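Okay, here's what each chain looks like letter by letter:
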Amino acid sequence: MSKIVLSIFFMTLCIYLMFFDFFIWLTNYTFAACLLNLSMVITIINGPNLNLLGLREKGIYGDQSFEDYLKLLREKFSGVQINYFQSNHEGELIDKIHEIGFSGEGIVLNAGAFTHTSVALADAIAAIKSPVVEVHISNVFKRESFRHHSFISPVCFGSISGFGLDSYRLAIQSLLKD
Ligand code: DQA
């Protein structure tokens, strides 16, 4: 009789330990997954005149401000830390690229009109380690011919153009897949 009681006791203990082990594994796994997710950092850099989104040439760029769109992006990619920087000044954009370009974090860059003019911006992108995805809200190839040339495309990881503000989401998605 006591043998039966003992074996039932040990069986129960084993089952309990199995569940306990599984629980510990699950906790560790969840914790590690959280750490990994939180360590994903992507910075969106917007160039000249993109502070006027929502007010500027609405027929081309839409009527949503970037700040409003950014809230939606952050909700969508809740596991990613999305930083944002905007400047109308070429040198400030270059400084920002230098500042974050060696951290390995991804960069989503809409260089605005500097796309078509700036060798300095292209050199800055070529100098850093972080992957840079070039983004345009409008389809630049459907527009004036001076917008068809990009100095930065050859040094970027990839380019996305013409999907409205959704171009930024696609760019982030492409960096997460990398
Ligand atoms: C733009 C396209 C550029 O040609 C223009 O100068 C911009 C915005 C875009 O997002 O479609 O400022 O980069």
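Note that this is a predicted model, so its numbers are computed, not measured.

A. Representation of the overall build of the chain. Helix and strand counts for the chain stand at six helices and five strands. Traced from its N-terminal end to its C-terminal end, the chain shows the element sequence α-β-α-α-β-α-β-α-β-β-α. Buried residues in the chain amount to 25% of all 178 residues. When contacts within the chain are restricted to residue pairs at least 6 apart in sequence, long-range pairs at least 24 apart make up 76% of them.

B. Region of the structure containing the sheet that holds strand 5 (residues 158–161). Reading across the sheet, the five strands line up as 2-1-3-4-5 and stay open at both edges, with parallel pairing between neighbours. Each having just a single partner strand, strand 2 (81–86) and strand 5 make up the two edges of the open sheet. Across the sheet, the axes of successive neighbouring strands diverge by a mean angle of 20°, strand direction being ignored. In this structure, strand 1 (residues 41–46) lies alongside strand 2, joined through six bridges in parallel fashion. Bridge pairing links Asn46 to Gln86 in strand 2. Along the sheet, helix 6 (residues 166–177) contacts strand 1, strand 3 (106–110), strand 4 (132–136) and strand 5; its crossing angle with strand 4, the most-contacted strand, is approximately 165°.

C. Quick peek at the nonpolar core. Within the largest apolar cluster, 25 residues are counted, with the highest numbers of intra-cluster contacts made by Val108, Leu121, Val133 and Ala171. Of all the secondary-structure elements, those providing two or more residues to this core are strand 1, helix 4 (90–100), strand 3, helix 5 (119–127), strand 4 and helix 6. Counting residues per element, this core draws most heavily on helix 6, which supplies four residues. If we skip the residues at most four places from it in the chain, Ala171 touches Val108, Val133, Val135 and Ile160.

D. Inspection of the site of the ligand at higher detail. In the vicinity of the ligand, the contacting residues are Asn49, Asn110, Gly112, Ala113, Thr115, His136, Ile137, Ser138, Val140 and Arg147. When the residues that make up the shell around the ligand are grouped by side-chain class, the tally is three nonpolar, six polar and one charged.

E. Representation of helix 6 in the model. Taking 1.5 Å of rise per residue, the 12 residues of helix 6 would be expected to cover 16 Å, and the 17 Å separating its terminal C-alpha atoms lies within 8% of that figure. Taken together, the buried positions of helix 6 are occupied by Ser167, Tyr168, Ala171, Ile172 and Leu175. What you see down the axis of helix 6 is that its buried residues fit within an arc of 140°, all on one side. Among the structural elements, strand 1, helix 3 (66–76), strand 3, strand 4 and strand 5 are those in contact with the buried residues of helix 6.

F. Broad picture of helix 4. The set of residues buried in helix 4 consists of Leu93, Ile94 and Ile97. Buried residues of helix 4 fall within an arc of 100° about the axis and therefore sit on the same side. Among the exposed residues of helix 4, those pointing more than 90 degrees away from its buried face are Gly91, His98 and Glu99. The secondary structure elements touched by the buried residues of helix 4 are strand 1 and helix 5.

G. Unusual backbone geometry, seen in detail. Positive phi outside glycine occurs at Asn49, with the angle close to 70°. You can call Asn49 partly exposed: it has 14 C-beta atoms within 10 Å.

H. Representation of the environment of Gly79 in the model. Locating Gly79 in the fold gives a position in the loop between helix 3 and strand 2. Residues Gly79 and Met40, 39 residues apart in the sequence, show an inter-C-alpha distance of 7.5 Å.

I. Representation of the packing of helix 4 against helix 5 within the structure. Running from N to C, helix 4 and helix 5 point in directions that differ by 5°, and their axes come no closer than 9 Å. Compared by their axis directions, helix 4 and helix 5 come out roughly parallel. Between helix 4 and helix 5, the residues in contact are Glu90, Leu93, Ile94, Ile97 and His98 and Ala120, Leu121, Ala124 and Ile125, respectively. Partitioning the contact of helix 4 with helix 5 into residue classes produces seven nonpolar, one polar and one charged.

Thresholds, definitions, all that
Residues numbered from 1 in each chain as written. Predicted model: local features only at pLDDT ≥ 70, side-chain atom pairs only at ≥ 80, totals over all residues. Helix = DSSP H or I, 4+ residues; strand = E, 2+ residues; numbered from the N terminus. Buried ≥ 20, exposed ≤ 12 C-beta atoms within 10 Å, placed from the backbone. Contact = placed C-beta atoms within 7 Å. Pairing = 2+ DSSP bridges. Axes fitted to C-alpha atoms, helices over the stretch in contact; angles between N-to-C directions. Core = buried A, V, L, I, M, F, W, Y, C linked by C-beta atoms within 7 Å. Near = placed C-beta within 6 Å. Nonpolar A, V, L, I, M, F, W, Y, C, P; charged D, E, K, R; others polar. Expected span 1.5 Å × (residues − 1). Arc of directions from axis to C-beta. Parallel < 35°, antiparallel > 145°, perpendicular 65-115°, else oblique.

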